[in-house]
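# Survey of secondary and tertiary structure
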Amino acid sequence: MTTPTRPIPATVRTAGRGSRFSLRSTALWFAAVALLVCGAGFAVRVLAAAAAAHPLVAVLATAGCVAVGWSSVRAGRRVRLRRAARRAARALDHAAAELVEPAPVPVPVAPEPYPSAEERAEYAAVPDPADYDALDGDAFEGAVAELCERDGCLDVRVVGGAGDLGADIVAIAPDGRRVVIQCKRYCATNKVGSQDMQRFGGTCFVVHEAEVAAVVTTSDFTAPAVEYAEQCGILCFDRQALHAWSTATGPAPWACVPAPQPRVAGS
């Protein structure tokens, strides 16, 4: 029994075989090559004859052709160099844009008031940094001035002495107010009386132009002295208040007087 076979398509029959040889195409190709060779030989003969008849013209023509060719080569090289330079510049700009990042904008942080909470805890854990009872009057004034500097005062000056007119320490508080302090290094049984307070009150505001006036003592104040100080706006820092200030468990003198609020326009 024979199995009928399907005819194979032409595309399948010719697959894998090379193109068929054409004598006509080959002859035409050789003829074109021969014409090109003959034409080139004829042009060379004509140019040689012209050079023999007119050598100067031939030299000038040759030089012109060479110059034109060299100019074309240089122009092409310049164009390539300019293109390469532009590509390099674009690459550098792209790399710089990737490498350079905008600087982060700093977030303003409000400064922590001095002393900080950690510093206050540290001060409270230790005894008084100065044994004020063991100091004389001048040393006590210097110790109070150091407290002012520690807590952020500027231009702290010890001005006590003959002719001080009641002021022992002059300083500028952290909020800009002028602070005037009188120091009284008294023993526990010798309290600051009303006469001491009146002498200081007569000069601290008028003469020294104090915005914060305080009397600091290692002792205490009499009742009339406290009454006069309250009438005049003078702060009384007794032994207990001095200890609290020294150990940062209590306020400094200027922190006891609220700073004046700025006036609102039109009020």
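Okay, so let's go over this structure. Quick caveat: nothing in here was measured; it's all calculated off a predicted structure.

Cut-offs applied
- Residues numbered from 1 in each chain as written.
- Predicted model: local features only at pLDDT ≥ 70, side-chain atom pairs only at ≥ 80, totals over all residues.
- Heavy atoms only, no water.
- Helix = DSSP H or I, 4+ residues; strand = E, 2+ residues; numbered from the N terminus.
- Buried < 20%, exposed > 50% of the residue type's maximum accessible area, 1.4 Å probe, protein only.
- Areas by Shrake-Rupley, 256 points an atom, 1.4 Å probe, with all protein chains shown as cover.
- Core = buried A, V, L, I, M, F, W, Y, C linked by side-chain atoms within 4.5 Å.
- Contact = heavy atoms within 4.5 Å.
- Axes fitted to C-alpha atoms, helices over the stretch in contact; angles between N-to-C directions.
- Parallel < 35°, antiparallel > 145°, perpendicular 65-115°, else oblique.
- Left-handed = near helix turned anticlockwise from the far one by under 90°.
- Patch = residues over 30% accessible without salt bridge, like charges linked within 9 Å, V, L, I, M, F, W, Y side chains within 5 Å.
- Salt bridge = Lys/Arg side-chain N within 4 Å of Asp/Glu carboxyl O.
- Phe/Tyr/Trp six-rings, centres within 6.5 Å; stacked < 30°, edge-to-face > 60°.

Before going further, it helps to spend a moment on the overall build of the protein chain. When you go through the protein chain residue by residue, the secondary structure sums to eight helices and five strands. Across the protein chain, helices and strands are ordered from the amino to the carboxyl terminus as α-α-α-α-α-β-β-β-α-β-α-β-α. Counting the 267 residues in the protein chain, one finds 24% classified as buried. Here the protein chain displays about 19,000 Å² of accessible surface, and carbon together with sulfur accounts for 63% of that area.

On to the nonpolar core, then. Within the largest apolar cluster, 24 residues are counted, with the highest numbers of intra-cluster contacts made by V144, I181, V216, W245 and W254. Of all the secondary-structure elements, those providing two or more residues to this core are α5 (137-150), β2 (169-172), β3 (178-184), β4 (212-217), β5 (235-237) and α8 (239-246). Residues in contact with V216, not counting those within four places in the same chain, are F140, V144, I181, Q182, C183, K184, F237, L242 and W245. Of all hydrophobic cores here, the second largest spans 15 residues; its members include A167, Y186, A210 and F221.

Between two packed helices, both the angle of their axes relative to each other and the distance between the axes serve to describe the pair. Closest axis-to-axis distance for the α5/α8 pair is 11 Å, and the angle between their directions is 45 degrees. On the basis of the axis angle, α5 is oblique to α8. The interaxial crossing formed by α5 with α8 has left-handed handedness. On the side of α5, the interface is formed by F140, V144, L147, C148 and R150, while α8 contributes L242, W245 and S246.

The subject of this paragraph is a nonpolar patch on the surface. On the surface, W29, F30, V33 and V37 cluster together into a nonpolar patch covering about 440 Å² of accessible area. With respect to the secondary-structure elements, V33 resides in helix α2 (residues 23-53).

Turning our eyes to something else, we now look at the packing of aromatic side chains. The full count for this structure, using the stated rule, is three aromatic pairs. Aromatic side chains Y132 and F140 sit 5.7 Å apart centroid to centroid with 85 degrees between the ring planes, which places their arrangement in the edge-to-face category. Look at Y132 and you get buried, because its relative accessible area is 6%. Through a chain of ring-to-ring contacts, the aromatic side chains of F237, W245 and W254 assemble into a single cluster.

Attention now moves to the pattern of salt bridges. Should their charged atoms come close, side chains of opposite charge can pair. If you walk through the whole model with that rule in mind, you get five salt bridges. Ionic pairing is found between D155 and R157, a salt bridge with its closest N-O pair at 3.9 Å. Take D155: its relative accessible area is 51%, and that puts it in the exposed class. Among the salt bridges present, the one from R199 reaches D196, with a minimum N-O distance of 2.5 Å. Of this pair, R199 and D196 both sit in helix α6 (residues 194-201), three residues apart, which is roughly one turn of the helix.

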